[in-house]
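# Secondary and tertiary structure notes
The lines below spell out each chain.
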Amino acid sequence: MNDANRRLRYLDQTVRSLYPGPGSPRPYSVLPHRLLPRRLAPRRQWHALLGRRVMVHVEGSIETYLSDVLGVPVETVLHVRPAARANRKPVLEAHREGSVLAFVKVGDTARTRELVDGEAAALRKLGDLALKTVIVPAVLHHGQWGEFSVLVLSPLPVRRGRVPAALLADAVREIADTGGAEGAAWHGDLSPWNIAPSGDGRLLVWDWERYAVGVPYGFDAVHHFFQRALRRMNPPTAARACLAQALPVLAPLGLSAAQARRTALHYLIALADRHAADGHEPLGPPDTWLNPLVDQQESVT
């Protein structure tokens, strides 16, 4: 089954959960379609292209809940994540008169409820700190809707652009320092698609559901490098590059060559452990991309 069909199947399940009857229905255009497989949105101009309309019930739906939470009537746009992702969950935009009021994450399984609740706790913690480099979304609401956890976040003023290396290093340092007495912290997924430069020289950072403390200093920097490498290389090659480039990546943070290599290797092992805990191996089995690297390091030392 290809990705578009997986998304469509997941969309059908998700719509039934988030927009249940009974109630007063009204028409929406439904995306994804085989031509537009990535989200469900109220896009009336697509009716002629996509054909049929689908009636989405409003009363008793997530849209009604969000309207109550935000204090104004809203329309929602539902993003459909790849079906194979372990942290797959409904992510919505709440719109009011053409403007995005909020982004909404819905924990619809035990694992995603844990992630949504964890992100809410992380953002509340970070919101209480006087961060100078990193800008995080504000928690507008965190609660339960039926069996689902719902996290409503303020939209960040994202303007895509190149993130200077010095700004990224400053952000990694500041995030690490939020761990306090518990040790270094990390964002957990400081990937290029989760950050953007702000207009005032700071860094916008979202998707904090993997935030954790008590990790080796510099994990975020290594993760950022590894995720960029995976865009150009297969996992075994990217893992080798991660270790080979550990010093250039981590030297700006004050790590020695030996510390940098240990940190990079520890990161790769931690990432494999995360995938194992999620029951999903997006990079393939560890014996294809990680174990040979670990074995090589053990033979050297």
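Note: the structure precedes this text.
Below, the discussion takes up the overall build of the protein. On a plain count of helices and strands, the protein comes out with eleven helices and 13 strands. For the protein, restricting intrachain contacts to residue pairs at least 6 apart in sequence, the fraction spanning at least 24 positions comes to 65%. Summed over its atoms, the accessible surface of the protein is roughly 14,600 Å², and 52% of this surface lies on carbon and sulfur atoms.

On the surface, R160, R162, R228, R231 and R232 cluster together into a patch of positive charge. The topology assignment puts R160 in the loop between β9 (148-153) and α5 (165-177). On the basis of relative accessibility, which here comes to 57%, the residue R160 falls in the exposed class.

Attention now goes to the environment of A166. Structurally, the position occupied by A166 is in helix α5. Along the sequence, A166 and P252 sit 86 residues apart, while their C-alpha atoms lie 8.5 Å from each other.

Within soluble globular proteins, side chains that are nonpolar tend to cluster in buried spots. Ranked by internal contacts, the top residues of the largest apolar core, which has 52 residues, are V134, W208, F226, C242, Y267, L268 and W289. Looking at this core, the element that brings in the most residues is helix α9 (residues 257-278), giving seven residues. Other than its neighbours up to four places away in sequence, C242 contacts V222, F225, F226, A264, Y267 and L268. Membership of the second largest hydrophobic core comes to 18 residues, among which are Y19, V74, L78 and V104.

With that out of the way, let us pick up the packing of helix α7 (residues 235-244) against α9. Remark: α7 packs on α9, axes separated minimally by 8 Å, with the N-to-C direction vectors making an angle of 150°. Our classification of the angle between α7 and α9 gives roughly antiparallel. Contacts between α7 and α9 involve A239, C242 and L243 on the former and, on the latter, R261, A264, L265, Y267 and L268. Each residue belonging to the contact of α7 with α9 can be placed in one class, and the counts come to seven nonpolar, no polar and one charged.

The mixed open sheet is built from three strands, whose spatial order is β7-β12-β11. The outermost strands of the open sheet, each flanked by one partner alone, are β7 (134-135) and β11 (195-197). Pairing between β11 and strand β12 (residues 203-205): three bridges, direction antiparallel. Residue pairing for β12: I195 is matched across the bridge by V205.

Mapped onto the secondary structure, S149 falls in strand β9. A distance of 3.2 Å separates a polar atom in the side chain of S149 from a polar atom in the side chain of D117. Of note is the side chain of S149, whose polar atom sits 2.9 Å from the side chain of Q144. With residues near it in sequence (within four places) discarded, S149 still touches K105, V106, G107, R113, V116, D117, G143 and Q144.

Cut-offs used in this document
- Residues numbered from 1 in each chain as written.
- Predicted model: local features only at pLDDT ≥ 70, side-chain atom pairs only at ≥ 80, totals over all residues.
- Heavy atoms only, no water.
- Helix = DSSP H or I, 4+ residues; strand = E, 2+ residues; numbered from the N terminus.
- Contact = heavy atoms within 4.5 Å.
- Areas by Shrake-Rupley, 256 points an atom, 1.4 Å probe, with all protein chains shown as cover.
- Patch = residues over 30% accessible without salt bridge, like charges linked within 9 Å, V, L, I, M, F, W, Y side chains within 5 Å.
- Salt bridge = Lys/Arg side-chain N within 4 Å of Asp/Glu carboxyl O.
- Lys, Arg positive; Asp, Glu negative; His and termini not counted.
- Charge placed at Lys NZ, Arg CZ, Asp CG, Glu CD.
- Buried < 20%, exposed > 50% of the residue type's maximum accessible area, 1.4 Å probe, protein only.
- Core = buried A, V, L, I, M, F, W, Y, C linked by side-chain atoms within 4.5 Å.
- Axes fitted to C-alpha atoms, helices over the stretch in contact; angles between N-to-C directions.
- Parallel < 35°, antiparallel > 145°, perpendicular 65-115°, else oblique.
- Nonpolar A, V, L, I, M, F, W, Y, C, P; charged D, E, K, R; others polar.
- Pairing = 2+ DSSP bridges.
- Polar contact = N/O pair within 3.5 Å; in protein donor to acceptor, adjacent residues only side chain to side chain.

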